[in-house]
Amino acid sequence: MNVLQVSGVCKRFGGLHALSNVTFDMPEGQILGLIGPNGAGKTTLFNVIDGVYPPEQGQVFFRGQDVTGAKPYRLARLGLARTHQIVRPLNDLSVRENVMVGACFGRQGLGLHEAAKTADEVLAFVRLEARAAQLAGSLNVAQKKRLEMARALAARPYLLLLDEVLAGLNPSEITAMVEIIRAIRAQGVSVIIIEHVMHAVMNVSDRLIVLDYGQQIAEGTPQEVSANPRVIEAYLGDPKLAERLLAST
Amino acid sequence: MNPWRHPGLWITLALTLGLGLWPVVLQKAALRETIFTILLSVALASSLNIILGYAGYISFGHVVFFGLGGYVGLYLMNTLGLSLWVALLAGGLAAALLAFLLGKAILRLRGAYFALATIGVNEAMRAFINNFAPFGGATGISLNFKVYQAYGGAANALWLVYTILLVTTLAMILISHIVKNSKFGLGLMAIREDEDAAEVMGVITPNAKTWAYVLSAVLPGMLGVLFYFKNGNIEPGDAFRLSSSIELLVMIMLGGAGTVLGPVIGAAGYQALRGFLLTNALFKNIQLSVAGILLLLIILFIPVGAVGWLRRRFPALRRLLP
Ligand SMILES: Nc1ncnc2c1ncn2[C@@H]1O[C@H](COP(=O)(O)OP(=O)(O)O)[C@@H](O)[C@H]1O
Ligand SMILES: [Mg+2]
């Protein structure tokens, strides 16, 4: 079954076509990489999928159900979770409470007691357990990214949308995060990952979609995509792109 | 952690009960009037704290629920001859209904826009009641003295009113604590911290906000009945006085928004200060200005309030300061 189907989605901001006719199917259990230059519409696509913005045209199906224009809380309860590119911690709540929000109001809708247990499990999984009692506002950026991840995971989603969780991390933090993402997929969760750290996204994705100015310019395996001339053009015409990307995987 | 084992809750309840029983034990009517004012503020501030402190929506016109409850209650007792108990229920229900309808309409607004809308609602209600003949228009309703007979005369009725207030105040502190330690409360606090993020995590924000607003309106509605029953009459000017709303805000900010204990301490502290100002020749006429300046100073220097400040300064006190 397809966990997600996006068909003919268009989204405009005033005169700007942030998304033009984006269409793809996503089978269950995959990691789908979403790449493209800044301003390509990647985050907007997440916002359309999870209901933050209704699309002007097109439809979104989540696990076979038409969820076009549904509110974010409805999608969360159906089993969709996401992280934010610009982290949004609930500053005045503890790290554990932040994660409990995900567990309480996500797919499983746990009670407080169960949610606290899930929160501790997930915090251990993203290696943030030592910070559980601290206020979320007091974390550093790398820790806040993990918190975003923990909150999303605590919802026990079917599909996880990760928006640049590697940006701003140092190489060892990136390695740790990539391992976490692999472990998430191993648990059977489908993942869409937006990423600029190319070697990581090439490495971890089963399939890639490339957006440029809101258009879907390429789609396929990492090898196919990095050899695609339109992709090379979009990335400042670097002819050695394919070589570089594949070398680092 | 089991919320019932929170020592801070029991200390707060015990202190409030002790304060409340003081005039009963001494059988002093003057002292009772002083404590009445404090308990009323504690209960009202704790109610407002649910929407303001937990959900982060500043209701500037909260007195509208108190005034509406008073009107509904006095009307039912005076004109229809119903009992105080029925009036209390009806006052609470009327306030809840108003909050529910308002919730659907204005809780979509965020930040200052919501605060402004609540002022508008209060002013609109005042203007409406000013011209609403069944509620006595501009002259209001004066309670027929005979109504008190059913409660053993006016003197006894005052003790009864006081007892009801004490029980209600204790109940409100308990409700405030239960809400704060519930899943519902967690959703509200998520909304306060970041409403969009809360929505993305699955908090059904329109419902959560509406129920928080309703919950914070019920008790003020009932207390309006109680207060104006004791007072004997109600007029539009008094019932919907914006400065009363602002005083409630000062109390919450003083004690610490979003905590259980904050509104209790803040209300008691504010009323003590107000008592001092009112009996002081210099400040008598400017006590509201003092409240305004106080609010400004708190927001500038200790926006988390006394309890919030202590909790941050001394994390070990967290269990004692709910
Ligand atoms: N809320 C918004 N209002 C107006 N323009 C927006 C909004 N969100 C995104 N955009 C614009 O849409 C385009 C795509 O943005 P975004 O999806 O954030 O890109 P990406 O995540 O691929 O870097 C950009 O030009 C951006 O300025
Ligand atoms: Mg982006």
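Bear in mind that the values here come from a model prediction, so they are computed numbers and not experimental data. (Residues numbered from 1 in each chain as written. Chains lettered and ligands numbered in written order. Predicted model: local features only at pLDDT ≥ 70, side-chain atom pairs only at ≥ 80, totals over all residues. Heavy atoms only, no water.)

Could you give an account of the overall build of chain B, naming the residues involved and the relevant values?
Secondary structure summary: chain B contains 14 helices and 2 strands in total. The C-alpha atoms of chain B give a radius of gyration of 19 Å, which matches the 20 Å a tight globule of 322 residues would have. In terms of its C-alpha atoms, chain B occupies a principal-axis envelope of roughly 55 × 45 × 45 Å. By residue count, 53% of the 322 residues in chain B fall in the buried class. Of the contacts made within chain B by residues no fewer than 6 positions apart, 79% connect residues no fewer than 24 positions apart. (Helix = DSSP H or I, 4+ residues; strand = E, 2+ residues; numbered from the N terminus. Rg over C-alpha atoms; globule rule 2.2 N^0.38 Å. Buried < 20%, exposed > 50% of the residue type's maximum accessible area, 1.4 Å probe, protein only. Contact = heavy atoms within 4.5 Å.)

Tell me what's going on with helix H5 (residues 141-154) of chain A, and back it up with residues and numbers.
Between its first and last C-alpha atoms H5 of chain A spans 20 Å; for 14 residues at 1.5 Å apiece the expected length is 20 Å, and the two agree. By the criterion of burial, H5 of chain A is predominantly enclosed, with 13 of the 14 residues buried. (Expected span 1.5 Å × (residues − 1).)

A description of the pairing of strand S8 (residues 190-194) of chain A should follow, citing residues and the corresponding values.
Residues and elements named next belong to chain A. Among the 5 residues of S8, 5 are classified as buried, and the element is accordingly described as predominantly covered. Neither face of S8 is left uncovered, since the one carrying Ser190, Ile192 and Ile194 and the one carrying Val191 and Ile193 both have all their residues buried. One ladder, built from 4 bridges, connects strand S3 (residues 31-35) with S8; its direction is parallel. Among the inter-strand pairings, Ile31 is bridged to a residue of S8, identified as Val191. Read from strand S7 (residues 159-163) through helix H6 (residues 171-186) to S8, the crossover connection turns out right-handed. (Pairing = 2+ DSSP bridges. Right-handed = clockwise from strand over helix to strand, strands pointing away.)

Tell me about the environment of Arg192 of chain B, and name the residues and values.
Of note, Arg192 of chain B is situated in helix H7 (residues 183-193). Setting aside residues up to four positions removed in sequence, Arg192 of chain B forms contacts with Asp92 and Leu93 of chain A together with Gly53, Tyr54, Ala55, Gly56 and Gly258 of chain B. Here the side chain of Arg192 of chain B touches Gly53 of chain B through a polar contact of 2.8 Å, landing on its backbone oxygen. (Polar contact = N/O pair within 3.5 Å; in protein donor to acceptor, adjacent residues only side chain to side chain.)

Break down the site of ligand 1 for me, with residues and values.
Residue and element names in this part refer to chain A. Around ligand 1 lies a shell formed by Phe13, Leu16, Ala18, Asn38, Gly39, Ala40, Gly41, Lys42, Thr43, Thr44 and Tyr53. Taking Gly41, its main chain carries an N or O atom lying 3.0 Å from an oxygen atom of ligand 1. Taking Tyr53, its side chain carries an N or O atom lying 2.8 Å from a nitrogen atom of ligand 1. Burial of ligand 1 by the protein amounts to 62% of the accessible area it has alone, namely 560 Å². (Near = heavy atom within 4 Å. Areas by Shrake-Rupley, 256 points an atom, 1.4 Å probe, with all protein chains shown as cover.)

Break down the packing of H7 of chain B against helix H9 (residues 205-231) of chain B for me, citing the residues and quoting the values.
All names here are of chain B. The contact between H7 and H9 brings their axes to 10 Å, and the two run at 105 degrees. Considering their axes alone, H7 and H9 lie roughly perpendicular with respect to each other. Packed against H7, whose contacting residues are Phe184, Leu188 and Ile191, the element H9 presents Thr205, Ala208, Lys209, Trp211, Ala212 and Leu215 at the interface. Among the residues forming the contact of H7 with H9, the class breakdown is 7 nonpolar, 1 polar and 1 charged. (Axes fitted to C-alpha atoms, helices over the stretch in contact; angles between N-to-C directions. Parallel < 35°, antiparallel > 145°, perpendicular 65-115°, else oblique. Nonpolar A, V, L, I, M, F, W, Y, C, P; charged D, E, K, R; others polar.)

How would you summarise the pairing of strand S2 (residues 16-27) of chain A if you had to cite specific residues and measurements?
Residues and elements named next belong to chain A. Taken together, the 8 bridges between strand S1 (residues 2-13) and S2 define a ladder with antiparallel strand orientation. In the strand pairing of S2, Leu4 is matched with Met26. Between S1 and S2, which follow one another and run antiparallel, lie 2 residues, and Gly14 among them has a positive phi close to 60 degrees.

Account for the environment of Phe184 of chain B, with residues named and values stated.
All names here are of chain B. Its location among the elements puts Phe184 in helix H7. Judged by its relative accessible area of 28%, Phe184 falls in the partly exposed class. Sequence spacing of Phe184 and Lys209 is 25 residues, and the spatial spacing of their C-alpha atoms is 10.0 Å. With residues up to four places along the chain from it excluded, the contact list for Phe184 reads Val179, Ala208, Trp211, Ala212 and Leu215.

How would you explain the coordination of the magnesium ion (ligand 2) if you had to name every residue and give the values?
Residue and element names in this part refer to chain A. Bound to the magnesium ion (ligand 2) on the protein side are Thr43 (OG1) and Gln85 (OE1), at distances that span 2.0 to 2.1 Å. Pair noted here: Thr43 is in helix H1 (residues 42-49) and Gln85 is in the loop between strand S6 (80-82) and helix H3 (95-105), with a separation of 42 residues, a long-range link. By relative accessible area, which is 24% here, Thr43 ends up partly exposed. (Donors = N, O, S within 2.8 Å, 3.2 Å for Na, K, Ca; no water.)

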